[in-house]
Structures are given as C-alpha cells and as structure tokens.
Amino acid sequence: MAAKAKLIYFDGRGRGEIIRFTLAAAGVEFEEVFLTEREQFLKLRDGGELLFNQVPALMIDGLKLVQVGAICRYIAQKHGLMGKSLEESAMVDMLFEAYKDYIGIGVLGVQFKKTEEEKQQAIEMIANRSKERYMPMFEKIYEKSTSGFLVGDSLTLADLCWLEVFLWVLELAPELSSSFPGMTAFVSKISSQPRVSAFLKGPQRHSPPDEQYVATVRKVLQF
Ligand SMILES: N[C@@H](CCC(=O)N[C@@H](CS)C(=O)NCC(=O)O)C(=O)O
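For every chain, the first residue of the written sequence is number 1, and numbering continues from 1 along that sequence. Given that this is a predicted model, residues contribute local features only at a pLDDT of at least 70 and side-chain atom pairs are listed and counted only at 80 or more, while totals for whole chains, interfaces and linings are drawn from all residues. Processing note: side-chain calculations cover all non-hydrogen atoms of the structure and skip hydrogens and water entirely.

> What's the story with the overall build of the chain in this structure? I'm lost.
Each helix and strand in the chain was counted, giving nine helices and four strands. Shown N-terminal to C-terminal, the secondary structure of the chain runs as helices and strands in the order β-α-β-α-β-β-α-α-α-α-α-α-α. Each radius of gyration is computed over the set of C-alpha atoms, and the globule rule expresses the reference value as 2.2 Å times the number of residues to the power 0.38. In summary, the chain has a C-alpha radius of gyration of 17 Å against a globular reference of 17 Å for 223 residues, a match within 12%. Its C-alpha atoms give the chain principal-axis dimensions of roughly 50 × 50 × 30 Å. Exposure classes here rest on a 1.4 Å probe applied to the protein chains alone. A residue is buried below 20% of its type maximum, exposed above 50%, and partly exposed in between. The buried share of the chain, taken over its 223 residues, is 48%. For the chain, restricting intrachain contacts to residue pairs at least 6 apart in sequence, the fraction spanning at least 24 positions comes to 70%. Working definition of accessibility: Shrake-Rupley area with a 1.4 Å probe, residue cover restricted to the visible protein chains. Accessible area of the chain: about 11400 Å², with a carbon and sulfur share of 53%. Counting rule applied: Lys, Arg positive; Asp, Glu negative; His and chain ends not counted. Where a charge sits is defined by one atom per residue type, namely NZ (Lys), CZ (Arg), CG (Asp) or CD (Glu). In the chain, 27 positive and 29 negative side-chain charges are present, and the distance between their average locations comes to 3 Å. Each helix corresponds to a stretch of at least 4 residues labelled H or I by DSSP, and each strand to a stretch of at least 2 residues labelled E; elements are numbered beginning at the N terminus. Any two residues having at least one pair of non-hydrogen atoms within 4.5 Å are treated as being in contact.

This is the structure in structure tokens:
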C-alpha cells in the first residue's frame, strides 16, 4: 500500500492551509508533522528534505515537494482540479497567482504584528484593499460564471484558493460580506461542495492563528 501523503508545516493555517484544502478536495488522505521545535526544522533542512530550506513541504508519491504553488498544482493536476483544457488550466493558474497576491497583502502576517494598534491598522488595510480591488475584481469575473464555479463547470484549485482567502478576510472584516453578492454566493457554493464541507468541519481545518501559533513559528524559524 502506498504511503499516506505527509504535510510538514506548523499547527496553523499560514501557507499550509491551501495545501490542506487542495488535498481534501482531491480526496487525498494525509497526515501532518507539526513543527514545534527549532531542532526539528534544522534536522529536516540540514538533512536535505527541503529543497529551498523552507516549509511547507509535502511528501507524496515518493516525492519531496516544496513551494506552495507547485504542491497545489501537482495535487490539482493529478486529481482533475486544474480545469478540463489548456485554456481552463491557464485561467486556474491566473486565479491562483492573483490569490497569492491577495493573501500576500498581509493576511498571513496580521497575527505577527507586535501591538494591537498595528494589528488593527493591518486589518483596516486588508479591508480597504479587499473592497477597493480584490472583491470588485472577483465580482466581475464571477458575474460571467454560469456554473457557480470560477472556471468551467466543476470545482478547481481556483475555487479553493479564493474560498480560502475570502473565509480568512471575512473573519477579519465581516462587514464586507454584505457588499459583494457574488462573493457571498461563491463562498456558500464552494463551502458546500461535499469534500470541502467535510474538510471545513473536520479536524484538519485550522482556526485563525493565535498567540501560541505565533510564538511557535517565531521559535522554530527564529525571527
Ligand atoms: N515561496 C515559498 C515560501 C515559503 C516560506 O516562506 N516559508 C516560510 C514559513 S511560512 C519558511 O520556511 N521560512 C524559513 C526561511 O525562509 O528560512 C512557498 O511558496 O512555499
């Protein structure tokens, strides 16, 4: 029997959560190694397990994959979540890259702010960028969907990553949900896909980052 896929990351969302979404939507069972100590990370890094000395890493099919995009695309391609043609796959890719820009505006870093004031400023900036740029952009794209999915007529990686970032941003700025009907419909549609819904309710979905998560990441990565 093939070994179960193994995700190496922290016991928190960060850059690992979209990999969890993708594995779950693909129906791939996976186990997790949570980094809690610096020594654990050094052992992996110095043992050559992490090609660019970074996590997340996914051990799957005898491969040691790193880089979130490469990991998600590998799973998505293997399990029919990259669209049904080259053109659809290019659209999924564009949406994935835009998701990376979006989540990179500070969503991953909010909890790492040192003071409550800095944290509130970061949330305000995320809310503003969302309502001025990303959410209107999404509404335009989604308006054209006749299936309720972002690309074609079935679930793809594009749906998973935009769902992930929207759920996160709406936790930070819940007031945004009422202004974007396309986004609200999309979140509801994708969240209720059977495997996605099971993941969201299950033990491998992570809660918003807390102080313990931040302290662990700081300790392991030493920053
Ligand atoms: N481009 C990489 C970024 C990964 C990354 O920055 N990982 C952080 C943890 S979230 C890390 O391992 N930092 C340690 C380092 O860069 O030395 C990816 O997509 O996986």
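> Looking at this model, I keep getting lost on unusual backbone geometry. Mind explaining?
With an omega of 10 degrees, the peptide bond between Val-55 and Pro-56 qualifies as cis. Looking at where Pro-56 falls in the secondary structure, it is placed in the loop between helix 2 (38-46) and strand 3 (57-60). In this structure, Gln-67 takes a positive phi of about 75 degrees despite not being glycine. Note that Gln-67 resides in the loop between strand 4 (63-66) and helix 3 (68-78).

> Is there a simple way to think about the nonpolar core in this case?
Soluble globular proteins tend to bury their nonpolar side chains together. Of all hydrophobic cores here, the largest spans 63 residues; its most connected members are Ile-18, Tyr-102, Met-135, Leu-150, Trp-162, Phe-166 and Phe-186. No other element matches helix 6 (residues 157-172), which puts twelve residues into this core. The domain boundaries here were taken from an automatic or database domain assignment. When residues of this core are assigned to domains, at least three fall in each of domain 1 (5-79 + 200-221) and domain 2 (86-193). Each residue touching Tyr-102, except ones within four places of it in the same chain, is listed here: Val-107, Ser-130, Tyr-134, Met-135, Trp-162, Val-165, Phe-166 and Val-169. Here, nonpolar core refers to any group of buried Ala, Val, Leu, Ile, Met, Phe, Trp, Tyr and Cys residues whose side-chain atoms link them within 4.5 Å. Membership of the second largest hydrophobic core comes to 16 residues, among which are Ile-8, Leu-44, Tyr-213 and Val-214.

> Any chance you could explain the domain arrangement of the chain here in plain terms?
Many descriptions give the size of an interface as the accessible area lost when the pieces come together. By the assigned domains, the chain splits into domain 1 (5-79 + 200-221) and domain 2 (86-193). Spacing between the C-alpha centres of domain 1 and domain 2 amounts to 21 Å. Reported buried area values correspond to the accessible surface (1.4 Å probe) lost by two parts on association, with both partners' losses combined. Here domain 1 and domain 2 share an interface that buries about 1700 Å² over both sides, 69% of which is from carbon and sulfur atoms. The partner of Asp-93 in a salt bridge is Arg-73, and the shortest N-O contact between them spans 2.6 Å. Whenever a nitrogen or oxygen atom comes within 3.5 Å of another N or O atom, the pair is scored as a polar contact, on the condition that within protein one atom can donate a hydrogen and the other can accept it, and that pairs from neighbouring residues in sequence are kept only if both atoms are in side chains. Put simply, domain 1 and domain 2 have four residue pairs in polar contact (both at pLDDT 80 or more) between them. Elements with a contribution of two residues or more to the side of domain 1 that touches domain 2: helix 1 (17-26), helix 3 and helix 9 (211-221). Considering only residue class, the side of domain 1 that touches domain 2 consists of twelve nonpolar, three polar and seven charged. Here, a salt bridge means any side-chain nitrogen of Lys or Arg that lies within 4 Å of a carboxyl oxygen of Asp or Glu. Ten residue types, Ala, Val, Leu, Ile, Met, Phe, Trp, Tyr, Cys and Pro, are classed as nonpolar, four, Asp, Glu, Lys and Arg, as charged, and the remainder, Gly among them, as polar.

> Would you explain the sheet that holds strand 1 (residues 5-9) in this entry?
Neighbouring strands of a sheet are bound in pairs by backbone hydrogen bonds; such pairs are parallel or else antiparallel. Pairing between strands is defined by DSSP: at least two bridges between the two strands are required. Here we have four strands laid out as an open sheet, ordered 2-1-3-4, and mixed in their pairing. A strand with exactly one partner marks an edge of an open sheet, and here the two such strands are strand 2 (30-34) and strand 4. Strand-to-strand, the axes of this sheet are offset by a mean angle of 20 degrees, without reference to chain direction. Strand direction decides the pairing type here: strand 1 and strand 2, joined by five bridges, are parallel. When the sheet's bridge partners are listed, Tyr-9 is paired in strand 2 with Phe-34. All axes are obtained by fitting lines to C-alpha atoms, using only the stretch in contact for helices, and the reported angles, taken between N-to-C directions, cover 0 to 180 degrees. Relative to strand 4, helix 3 is tilted by about 125 degrees, and along the sheet it contacts strand 3 and strand 4.

> Quick question: what am I supposed to make of the packing of helix 3 against helix 4 (residues 86-103) here?
What describes two packed helices is the angle between their axes and the distance between those same axes. Contact geometry of helix 3 with helix 4 gives a least axis separation of 12 Å together with a crossing angle of 145 degrees. Read as a crossing pair, helix 3 and helix 4 show a hand that is right-handed. Residues Val-68, Gly-69, Cys-72 and Arg-73 of helix 3 form the contact with helix 4, whose own contacting residues are Asp-93, Phe-96 and Glu-97. Here the residues of the contact of helix 3 with helix 4 are counted per class, giving three nonpolar, one polar and three charged. Left-handed is the label given to a crossing in which the near helix is rotated counterclockwise from the far helix by less than a right angle, and right-handed is the label when the rotation is clockwise.

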